[in-house]
Amino acid sequence: MDRQHPKEFDARTYNGDSTGKWESDTLVVDTIGFNDITWLDHAGLPHSEALHVTERIRRVDHDTLQNDFTIEDPKAYTKPWTAQQIYKLKPGWEIAEYVCDNNKYVYHGK
């Protein structure tokens, strides 16, 4: 939070380098410095090392978190594009470790 991205990267990473700041009730996360080894989704949308992701995360109500994000990658796409994810509070859920061959979420509730 409240820091600048490095001017140069010694090594680019799978998750990139993120900075964050608050704009009123919205957390704005800016991420660059990705390697080009991953995909943007499970369907295989590609990206390059030029990927720049901006997320605007806010709580819509007590049980709802909204993440509006913009994908910019001039080496992979002709123009920026946006998408949205909505997360609902699941008070009885316990999130298990995420591993490709062990992608299980454990539910302990009603």
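Everything below is about the structure shown above.
This report concerns the structure included in the present document. (Residues numbered from 1 in each chain as written. Predicted model: local features only at pLDDT ≥ 70, side-chain atom pairs only at ≥ 80, totals over all residues. Heavy atoms only, no water.)

Here we take up the sheet that holds strand 3 (residues 52-61). Working definition: the strands of a sheet are paired by backbone hydrogen bonds and lie parallel or antiparallel to each other. With antiparallel pairing, 5 strands are arranged side by side in an open sheet as 1-2-3-4-5. Of all the strands in the sheet, just strand 1 (17-23) and strand 5 (81-88) have a single pairing partner and so form its edges. This sheet shows a mean twist of 20 degrees between the axes of neighbouring strands, independent of strand direction. In this structure, strand 3 lies alongside strand 4 (residues 64-72), joined through 9 bridges in antiparallel fashion. Each bridged residue has a counterpart across the sheet, and for R56 the counterpart in strand 4 is D68. (Pairing = 2+ DSSP bridges. Helix = DSSP H or I, 4+ residues; strand = E, 2+ residues; numbered from the N terminus. Axes fitted to C-alpha atoms, helices over the stretch in contact; angles between N-to-C directions.)

Within the chain, S24 stands out as a residue other than glycine whose phi angle is a positive 60 degrees. Counting through the fold element by element, S24 comes out in the loop between strand 1 and strand 2 (26-32).

Bringing the packing of aromatic side chains into the picture now. For any pair of aromatic rings, the description consists of the separation of the ring centres together with the inter-plane angle of the planes. Here the structure, examined in full by the defined rule, presents 1 aromatic pair. Between the aromatic rings of Y77 and W81, the centroid separation amounts to 6.0 Å while the plane-to-plane angle is 75 degrees, which identifies the pairing as edge-to-face. The side chain of K90 reaches across the aromatic face of W93, ending 5.5 Å from its centre. (Phe/Tyr/Trp six-rings, centres within 6.5 Å; stacked < 30°, edge-to-face > 60°. Lys NZ or Arg CZ within 6 Å of the ring centre and 35° of its normal.)

This brings us to the side chain of H47. Among the structural elements, H47 can be located in the loop between strand 2 and strand 3. In this structure the side chain of H47 is engaged in a polar contact, spanning 2.7 Å, whose partner is the side chain of T38. Leave out the neighbours within four places in its chain, and H47 touches F34, N35, D36, T38, W39, L40, D73 and A76. (Polar contact = N/O pair within 3.5 Å; in protein donor to acceptor, adjacent residues only side chain to side chain. Contact = heavy atoms within 4.5 Å.)

For strand 1 and strand 2, the ladder comprises 7 bridges, and the chain directions are antiparallel. Paired with T19 across the strands is D30, a residue of strand 2. Taken together, strand 1 and the strand that follows it, strand 2, pair antiparallel across an intervening segment of 2 residues, in which S24 is found at a positive phi of about 60 degrees.

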